[in-house]
Structures are given as C-alpha cells and as structure tokens.
Amino acid sequence: MYLKFIELQGFKTFAERVKLELGPGLTAIVGPNGSGKSNIADAILWVLGEQSAKILRGSRMDDVIFAGSEKRRPVGMAEVTLHLDNSDGSLPLDYQEIAVTRRFFRSGEGEYYINRVPCRLRDIQELFLDTGSGRGGLSIVGQGRLEEIFTARPEDRRAVLEEAAGIARYRSRKKEAEQR
Ligand code: ATP
Ligand code: MG
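Residues numbered from 1 in each chain as written. Chains lettered and ligands numbered in written order. Predicted model: local features only at pLDDT ≥ 70, side-chain atom pairs only at ≥ 80, totals over all residues.

By the naming in an unreviewed UniProt entry, the chain is Chromosome partition protein Smc, taken from Neomoorella humiferrea.

In structure tokens:
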C-alpha cells in the first residue's frame, strides 16, 4: 500500500485546492521555513483520525482550517483526501484504490468518508489498525516523538509495539466486546 496523492483544501496553509503527487518510492518535501512542509504531515495524521489539536500543533481543532492571510479571507471548512494504492491488498477492503476523506467545519461538525461514502471515525481507525500507518503508529514520527517513546510509561510503549506487531486490532475488538 502506498500514498498516491493527497488533495487538500482549506487545511492550514493550503487555502486553495491542491493536489500533491507522491507515488511509490521515496518522496522528499523541501521548502523554506514556514512554507507548509510539516502541515502536510499534520494533514495525513488528521485524516487518519487524529483528535488531539496539540498533536496537530494547534490549540483547538478549528486551528486546522485556513485562518486567512493578507491576500485571502479565512475559509469555513478544511478537507483532506488521501488517495491510497491498495493493489497489494494490505488494507482490509476489496478495492485497489482507496480514498479516505476528512472534513471539518467551523461550526464544529466533522465528516469522514471512505471512497466518498460517509463513514464513522471508527471505520477509518479500523481500516488502518495493524498496518502501522494508523494513529499512534510509527509511520509519522514528529519532532519530539522519539524522545516521548523512549521515556513513555511501559504500558504506553507496549501499545506502540503492539500496533507495530499487528495485534492492536485484536486488543481493540476485545475491549469493544467487553463493553457490550
Ligand atoms: P519549518 O521548515 O520551519 O519546519 P514548515 O515548512 O514545516 O517549516 P509548517 O510548520 O508546515 O512549516 O507551516 C507553518 C505555517 O503554517 C505558519 O506560517 C503558520 O502561520 C501556518 N499556518 C498554520 N495553521 C494555519 C491556518 N489555520 N491558517 C493559515 N496558516 C496556518
Ligand atoms: Mg516543519
């Protein structure tokens, strides 16, 4: 599975709709300070269901919505879509291409979609669980996160290892079953 392209609109610095092509292999993003490189990593985390404004380097969730600039008025909605190539079948859905979308409005309403069909946050979390790409996985390691992992409580470090080992899915299902 790999990220083919990302579409962003109204997310942080990306006021206009932009499409970033990634493709297989290694992609490096370069640019001056403050040009929005880290905002792209934030966008990926956000679509994967990140709920912490702090992890997204803001103080409230609406900090992800383009807040306006000298030339452009603020917008009312942020939308990001990850277009994934799933021809190797690593995501448990019978599609070769999977588009995962998250939207958030200034009113506080949020929406999630898988292949343009509305879904729950939980469906997105389940989709990526144990792939190592989900929230809490190690596919995106922000500045400061490495130290956090080394100094984490043993049970929190274990959660990271369980996700990497591919058993987080079962722990999550067990917890859900116990709550019923
Ligand atoms: P560096 O090389 O310093 O790490 P960078 O390319 O990673 O820089 P980012 O952190 O991605 O830069 O972008 C920071 C910029 O994003 C800041 O100028 C900040 O004002 C802008 N920004 C963040 N949130 C918003 C928002 N909601 N609306 C408009 N601009 C925003
Ligand atoms: Mg940065």
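### Examining the overall build of the chain
Selection rule: Helix and strand assignments follow DSSP, with helices taken as H or I runs no shorter than four residues and strands as E runs no shorter than two, numbered in order from the N terminus. As defined in this context, the radius of gyration uses C-alpha atoms, and a globule is described by 2.2 Å times the residue total to the power 0.38. We call a residue exposed when 12 or fewer other C-beta atoms sit within 10 Å of its C-beta, buried when the count reaches 20 or more, and partly exposed for counts in between; the C-beta positions come from the backbone. For every residue pair, C-beta atoms are placed from the backbone, and the pair is scored as a contact if these atoms sit within 7 Å.
Helix and strand content of the chain: five helices and six strands. Against the globule reference of 16 Å for 180 residues, the chain gives a C-alpha radius of gyration of 17 Å, in line with a compact fold. Taken along the three principal axes of its C-alpha coordinates, the chain extends 50 × 40 × 40 Å. For the chain, with 180 residues in total, the buried portion stands at 22%. Counted over contacts in the chain with a minimum sequence separation of 6, partners at least 24 positions apart contribute 51%.

### Focus on the site of ligand 1
The condition that has to hold: Whether a residue is near a molecule or strand depends on its C-beta atom, generated from backbone atoms, being within 6 Å of that molecule or strand. Here the term charged refers only to Asp, Glu, Lys and Arg, the term nonpolar to Ala, Val, Leu, Ile, Met, Phe, Trp, Tyr, Cys and Pro, and the term polar to all other amino acids, Gly among them.
Around ligand 1, a shell composed of 14 residues is seen, among which Asn33, Lys37, Ser38, Asn39 and Ala67 lie nearest. Classifying every residue of the shell around ligand 1 by side-chain character gives three nonpolar, eight polar and three charged.

### A word on the UniProt feature "binding site: ATP" (unreviewed entry) in the chain
For clarity, the cut-off: UniProt positions are given in the numbering used here, feature names are shortened, and annotations may be inferred rather than shown by experiment.
UniProt's entry tags Pro32, Asn33, Gly34, Ser35, Gly36, Lys37, Ser38 and Asn39 with the feature "binding site: ATP" (unreviewed entry), counted in the numbering of this structure. Note that glycine 36 resides in the loop between strand S2 (18–21) and helix H1 (37–47). A tally of 17 C-beta atoms within 10 Å means that glycine 36 is categorised as partly exposed.

### Examining the environment of leucine 84
Among the structural elements, leucine 84 can be located in strand S3 (residues 77–85). The spacing of leucine 84 and leucine 3 is 81 residues in sequence and 4.6 Å in space, taken between C-alpha atoms. Excluding residues within four positions of it along the chain, leucine 84 makes contact with Met1, Leu3, Lys4, Leu91 and Ile98.

### Quick word on the nonpolar core
Defined as follows: Each nonpolar core reported here comprises buried Ala, Val, Leu, Ile, Met, Phe, Trp, Tyr and Cys residues connected via C-beta atoms within 7 Å.
The biggest cluster of nonpolar side chains holds 26 residues, and the ones touching the most others in it are Phe11, Ala43, Val47, Val64, Ala78 and Val80. Elements represented by at least two residues in this core include exactly strand S1 (2–9), H1, S3, strand S4 (97–105) and helix H2 (121–128).

### Structural notes on the environment of phenylalanine 128
Relative to the helices and strands, phenylalanine 128 resides in helix H2. The spacing of phenylalanine 128 and leucine 48 is 80 residues in sequence and 7.8 Å in space, taken between C-alpha atoms.

### Considerations on the environment of leucine 127
Along the chain, leucine 127 falls in helix H2. Look at leucine 127 and you get buried, because 21 C-beta atoms sit within 10 Å. Distance from leucine 127 to proline 92, taken between C-alpha atoms, is 6.5 Å for residues 35 residues apart in sequence. In contact with leucine 127, not counting residues within four places along its chain, are Leu91, Pro92, Leu93 and Ile114.

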